[in-house]
Every structure is written in C-alpha cells, then in structure tokens.
Amino acid sequence: MLIELKIRDQIVEAIEKCYHQQVDPSLVQLQNTREEFEGDITLVVFPFVRMSKKSPEQTAAEIGEYLQQHVAEVDKFNVVKGFLNLVISSSYWLSVLNSASANANFGITEPNESSKLVMVEYSSPNTNKPLHLGHIRNNLLGFSLCEILKANGNKVVKTNIVNDRGIHICKSMYAWKMWGNGQTPESTGIKGDHLVGNFYVRFDQEYKKEIEALIGQGESREYAEQNAISMLGAREMLLKWEAKDPETVELWTMMNNWVYNGFDVTYKELGVDFDKIYYESETYLYGKEEVLRGLAEGIFYQQEDSSVWADLSAEGLDQKILLRSDGTSVYMTQDIGTAKERFQDYHINKMIYVVGNEQNYHFQVLSILLDKLGFEFGKGLHHFSYGMVELPQGKMKSREGTVVDADDLMAEMIEVSRKTSEELGKLEGYTPEQAAITYKMIALAALKYFMLKVDPKKNMLFNPEESIDFNGNTGPFIQYTYARIRSVLRKAADRGIEINHLIGTETAVGMKELQLIKLISQFPDAVKEASDNYSPALVANYIYELVKEFNQFYHYFPILIEENVEIRNLRLIISENVGKIIKTGMKLLGIDVPERM
RNA sequence: GGCCCCGUAGCUUAAUGGAUAGAGCAUCUGACUACGGAUCAGAAGGUUGUAGGUUCGAGUCUUACCGGGGUCACCA
C-alpha cells in the first residue's frame, strides 16, 4: 500500500523532529488495525519510547498529532496502550478503489526486458507406477509457485525431470516379459501408467514368493534377496539396457511410452504443464566430468577402491560419495551435471527445485558442492521443500495398498461434485457438456484449494474417507461467491444499469464497504508476499478472507435494489473488483472459477 | 545415536516478536416474499506438548525434556 510508505517516512520525520533521534525505517512497525478498534493502520510505538523517554501513550499521541498535521490522508487517530491507530480518510480509500478498478491486471506485475528468468523443477515422477497423492501436492505447489512468480514479474521455465531408467523400471519390464502375455493398454483398456504399475506390483509379489522359497531351502534372507530369480532377471535387464541391447531398449521404449501417455492424461486433468521435460536416461551420465575436475583440483578425494568422495566435515556434514568404485554416477552426480546444463541451456538467473522435505539434506549438500566447484549459482539455488501428505493411518505405503491414486481421487471427487450439483439443481439449462465442465471445475477447486491452503512446509493430513469438503474454507465456497457476483452483474446488465467506473471520492461509504476496499487494496501485497515466502497458501488465505468479508456484505446489504444510485454504483464496483480478484487470485492457484454453479 | 523439521479447540488449520490466539469441519440454536441457503448470524469448545530463560511484550526467539516424523546408502 502506497499510503504505508508515506506514513513510514513521516514517522521517521516525526521522531526526528520531536525527539531528535534518527530512526531506521525498518523499525517502524505498521500493521492493519484490528477490527475491534477504530482505525485502518496501526503503529506499534514501543520501539520508540526509549527515544521519547515518555510513556507509550504520550509518545503515541505526539506521533499521532504530527501525522495528522503532515499527512493529508490521516483523518484522525486514537491511542490504545502502546498502539497508535490511524484513521485514513475515505476519499483515499475510494481513490484506491478507482485505481484497482481501472486496472484489469490489478495485483499482477508483468515481466519485462530486465526480468529475472527462473527455472522451476517440479513433478519429477518415476515411470514405474502411476501418480499418487504425494505427486498431486508436488504438482499443485509447483504449478502455483510458477504462476505466482510470473505474477511478480519473473519469467519462468517450468521443467520436469522424468526418472525413466534404473532398476525399478527394469522390475516392471521383467514382470511384463515373464507374465504379461503381451498385454498392452489397448488390449486391456487399462491406462498405460496403471498397467505398468500393475507389473511393478506383480514383480514384488513374485519376488517375495521366491525369497520365501529360497529361505525354505535353508538360504539366508540376505542371500535370498540378492539371488531370487526375478531380481537376477531385473538386474540383467539393467545391464543390457546400459549396454544398449536393442531388444531391451525396445521393450523399455514401449513401456515408457505407455507411461508417458498415461501421465499426459493425469497432468492434463490436473491442469499442469511444462515448458521443458528432461529425461534421466539422457542426463544420467552428466556431472561425471565435473566431479573428475573437482578431483583433479583437489576439491574431492579418491579412496583406494577408486570411489570419489566429498569431505563436508568443515560444513558440519558427512562424507558424500560422488562416483562409485566402478566409476558410475550417483544421484548427486547427476544433479550437479543437470544444474550446470540448465544454467547453460537457458541462461537462467535462478533455479528452484520443488521436492519433498525428505530430500532437505540432499539439496543442502548439492548447494555446497556446486559452490565448491565454482558455480556462482550454487549458493542461490532454492529447494522449495514441502511436507509429506499423510493418511489417517500414517504414511502411504504401496505394499499395504494405502496409496491414494491421483486418477482415482480426481474421478471420485468429480463424482461427488456431480451429485451435489444435481441435488442443488443449479445448472438447469446447461448442456450436459457444459455441466460436466462445471462439475470438474468444482471438484478440482476442492482438491487444489484443500492442498494449497496449508503452509507448504508443513506435513498435511488427508482423510480419504471424509473426502474433501465443499463448504466452509474451501475452493467451492470461493467459486460460489464468484458465481454469485457474476449473477448480480448479469442481472445489472439485464436491467440496463450502467456502471460508472469513476467513483467520486466524496461518495458516502459505509463501514462494510470500507472494509472490503481495504482488503481489495491488499491484494498486490498478498501476491508479493506469496512470492517472497514461496507460499501459495498466502494467496489462498487472502482470498478466503476477502470472500468471507464479501459474503457478509452481500448478506446484509442490497446491491441491485439499493435506491441511492451512487451507493448502488459503489457496491457494484466493489462486487466487480472482488470478482476480478477472486478470478486472478484463484488463477495463481491453478483454479478456475465458473459463471454459474 | 548425530543432524533437521513438526507438536495450537474433538478433527483440519491461521497468526512480519505486538492488543482479548483467528478460522473451517463436527455439535447445538437461529435466518430465505431483496440480488443464488454450496450462504449468513449466534452458542459452546484453548494453560499454543511440559518446565525454565531472553524481552516493555513470546504460539513465534533460546535451553532442557516429552511425543511424532524425516535423514544420515557405492538407491533415486
């Protein structure tokens, strides 16, 4: 808010004039006045009593006096304990509403020539099983973060690195070859990623049986795990794949394509996308030369078995392996390589990894290693670390069948949405296609808002039994408010009411309207804070606050029926702008809003 | 065990070191002949895990402990 800057400056000046002290503007703590007190902006005066050598009350009164005289927008003030509550003139708030109203992109900062280019990596699935609830959180956070960064004037490259190689893929391949009878997505009607996932499960079942059999024959568990025939088969496939054996590569290509086609459907349904997809099969050899360079430069060291390590004890961390004794890369090695590659390919200014908090240590180490290798971006990389999604019975475990599948979850929610909509009968006159689009829009809003409204850093609990609510602090609640606003605006147009978009700054404004205008004025701050703090939840919380306030207003005050034309116009403008912010804000969360629901 | 994160109402959660810890769900009560009741209002529900410390002021910072999770792989 512009007014805050002005007031901050004047407070610094007031203290200089009244108490002859220099104050750092950052010491000036301004906050929104709490609802139970009169005022709009509140100064916390405690930090200044040492300078004034007077009581908090007296200090506040003196600063208030000064502000009232020197800032035209400050109408009056009151003092409660150490808090100076400033009342800002309604004409100021109306001018803020006018400028918000005149700006179709209110709250959004468009990128320009000098904008930073940020690459965000998110999603990053394995190709041996379908996406689940954990991936949903990752995808929604990643997508929303990108939208928020863009809304703050950054250019963004959305990227996804697909883990399409390794022993886990070979397990599915082996199972398909052994027990698949040539099944395909077409022959079975099963979505490709699910079909491949089924074979991954099948592998595990057979493998377990083999282990038990070997133990029954008197072998140790360890031996059995290493020498079960399925495991040997999968390992052989991995070797063949790395040797580029044509038959193995062909099988790998075919099954991966099934998975990609399946993922595409899920991504589309979720509404997320990428500008650039990396495949680990193409990047897994990257990084080795960087590690060898580090070794040559004495940054890393080699053990007798010729494995290469980084010593991070100076940073308070452990030893970290970078190349195996057979000279092959590990995960960390690849990440060093891909990081370098990305900065070269795109000339990005910043790299953000959307990866769960179980990898905090990994990214801490990655940052240090890149820095040691002399890459200036090492220290600047950001691990957007988010918490796990837990079920009532704890962590999701594929072995216990508690994994919540992404496709199933979305389908179930759409079904709930359809039933609710039909019961309420709000979509009469819509074609089945229009109605279907709306059900889906509502279901996804429920899911997305549910996951995005909580602080990304925290673990969250998801209860599939209770499913997700459509009432209260939810996506559909916000959509409903939007639909209502649109309905009012449609009716206004039907009745030939013309909206005058320039409000006279002397218009009489009620308390509730003022409250809403203040909230409207804070939208740009919410967008900025969401970016500064990497938190879509801040946008969600803001929208909820705004919508709750609007619903109260809507309940108590007539809009179209209001007889005073000036007030009616003001209320229409407020409604219009609240609607605009809901739409823009929800877009930042990757959520669409319907005209009717 | 070392390191890291988290403990807020029955449940899910909010709160740049600032005023009486704010919501939603669930429970109970009330409000449609105004513009959409997927709404609104009210009631009840809290020693912010426990005990100290710093501060004019602590859910927030700090120490110890208790409880939960993560991580410390020649896996990714």
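Preceding this paragraph is the structure being described.
Residues numbered from 1 in each chain as written. Chains lettered and ligands numbered in written order. Predicted model: local features only at pLDDT ≥ 70, side-chain atom pairs only at ≥ 80, totals over all residues. Heavy atoms only, no water.

Visitor: Describe the overall build of chain A, and please don't skip the residues or the numbers.
Guide: Helices and strands together make up the secondary structure of chain A, namely 22 helices and 14 strands. Once the C-alpha set of chain A is aligned to its principal axes, its extents read approximately 90 × 65 × 45 Å. Relative to its full complement of 597 residues, chain A shows a buried share of 52%. Of the contacts made within chain A by residues no fewer than 6 positions apart, 73% connect residues no fewer than 24 positions apart. With an accessible surface of roughly 28300 Å², chain A has 50% of that area assigned to carbon and sulfur atoms. Computed over 63 positive and 84 negative side-chain charges, the inter-centroid distance for chain A is 2 Å. (Helix = DSSP H or I, 4+ residues; strand = E, 2+ residues; numbered from the N terminus. Buried < 20%, exposed > 50% of the residue type's maximum accessible area, 1.4 Å probe, protein only. Contact = heavy atoms within 4.5 Å. Areas by Shrake-Rupley, 256 points an atom, 1.4 Å probe, with all protein chains shown as cover. Lys, Arg positive; Asp, Glu negative; His and termini not counted. Charge placed at Lys NZ, Arg CZ, Asp CG, Glu CD.)

Visitor: Explain the sheet that holds strand β1 (residues 30-32) to me, and be specific about the residues and the numbers.
Guide: Strand order in the open sheet formed by four strands is β1-β2-β4-β3, and the pairing between neighbours is antiparallel. Both outer strands of the open sheet, β1 and β3 (74-80), are each paired with one neighbouring strand and no more. When strand polarity is set aside, the average angle formed by the axes of neighbouring strands in this sheet is 30°. Bridge count between strand β2 (residues 41-44) and strand β4 (residues 83-88): four bridges; the pairing is antiparallel. Pairing of L43 across the sheet is with L84, part of β4. Sheet contacts for helix α1 (residues 2-19): β1, β2, β3 and β4; angle to β1, the most-contacted strand, approximately 140°. (Pairing = 2+ DSSP bridges. Axes fitted to C-alpha atoms, helices over the stretch in contact; angles between N-to-C directions.)

Visitor: Which residues make up the pattern of salt bridges, and what values do they have?
Guide: Applying the stated criterion to the full structure yields 33 salt bridges. A salt bridge links R34 to E36; the shortest N-O distance between them is 3.2 Å. By relative accessible area, R34 is classed as exposed at 55%. Across the pair R293 and E290 runs a salt bridge, and its minimum N-O distance is 2.7 Å. Here E290 and R293 lie together in helix α13 (residues 288-296), a separation of three residues that amounts to about one turn. Among the residues examined, R293 registers a relative accessible area of 27% and is labelled partly exposed. (Salt bridge = Lys/Arg side-chain N within 4 Å of Asp/Glu carboxyl O.)

Visitor: Quick rundown of the environment of R165? Include the residues and the values.
Guide: Tracing the backbone shows R165 in the loop between β6 (155-162) and α6 (167-179). Separated by 57 residues in the primary sequence, R165 and E222 have C-alpha atoms spaced 25 Å apart.

Visitor: Tell me about the pairing of strand β11 (residues 350-356), and please be specific about residues and values.
Guide: Where burial is concerned, most of β11 is hidden: six out of the seven residues are buried. Here strand β5 (residues 117-121) runs beside β11; their pairing, made up of four bridges, is parallel. Residue pairing across strands places V118 opposite K350, the latter belonging to β11. Alignment of β11 against strand β12 (residues 382-386), held across five bridges, turns out to be parallel. What sits directly across from V355, in β12, is S385.

Visitor: I'd like a rundown of the environment of I591, residues and numbers included.
Guide: Looking at the element boundaries, I591 is found in the segment after α22 (565-588). Classification of I591 by relative accessible area gives buried; the value is 2%. As for I591 and L447, which are separated by 144 residues in sequence, their C-alpha atoms are 9.7 Å apart. When neighbours within four sequence positions are excluded, I591 is seen to be in contact with A445, K448, Y449, Q479 and M586.

Visitor: Lay out the packing of aromatic side chains in plain terms, naming residues and giving numbers.
Guide: The final tally for this structure, using the stated rule, is 22 aromatic pairs. Note on Y174 and F203: the rings are 6.1 Å apart at their centroids and 85° apart in plane angle, and the pair reads as edge-to-face. With Y174 in helix α6 and F203 in helix α8 (residues 192-216), this pair connects stretches of sequence that are 29 residues apart. Since its relative accessible area comes to 10%, Y174 is described here as buried. Since its relative accessible area comes to 1%, F203 is described here as buried. (Phe/Tyr/Trp six-rings, centres within 6.5 Å; stacked < 30°, edge-to-face > 60°.)

Visitor: Help me get a handle on the sheet that holds strand β8 (residues 301-302), residues and values and all.
Guide: Spatial ordering of the open sheet is given by β8-β9-β10, a layout of three strands whose pairing is antiparallel. In this open sheet, the two strands that pair with only one neighbour each are β8 and β10 (319-323). With four bridges connecting them, strand β9 (residues 308-311) and β10 associate as antiparallel partners. Bridge assignment links D311 to a residue of β10, and that residue is Q319.

Visitor: Tell me about the protein's contact with RNA strand B, residues and numbers included.
Guide: Near RNA strand B you find 67 residues, and of these F83, D305, K426, F557 and I561 are the closest. The sugar-phosphate portion of RNA strand B accounts for 58% of its atoms within 4 Å of the protein, the bases making up the rest. One nitrogen or oxygen atom from the main chain of L560 is found 2.9 Å from a base oxygen belonging to RNA strand B. Looking at the surface near RNA strand B, the elements that each hand over two or more residues are β1, β2, α2 (46-52), β4, α16 (406-424), β14 (460-461), α18 (475-494) and α21 (536-556). The leading source of residues in the surface near RNA strand B is α21, at eight residues. Looking at side-chain class alone, the surface near RNA strand B contains 32 nonpolar, 18 polar and 17 charged residues. (Near = heavy atom within 4 Å. Polar contact = N/O pair within 3.5 Å; in protein donor to acceptor, adjacent residues only side chain to side chain. Nonpolar A, V, L, I, M, F, W, Y, C, P; charged D, E, K, R; others polar.)

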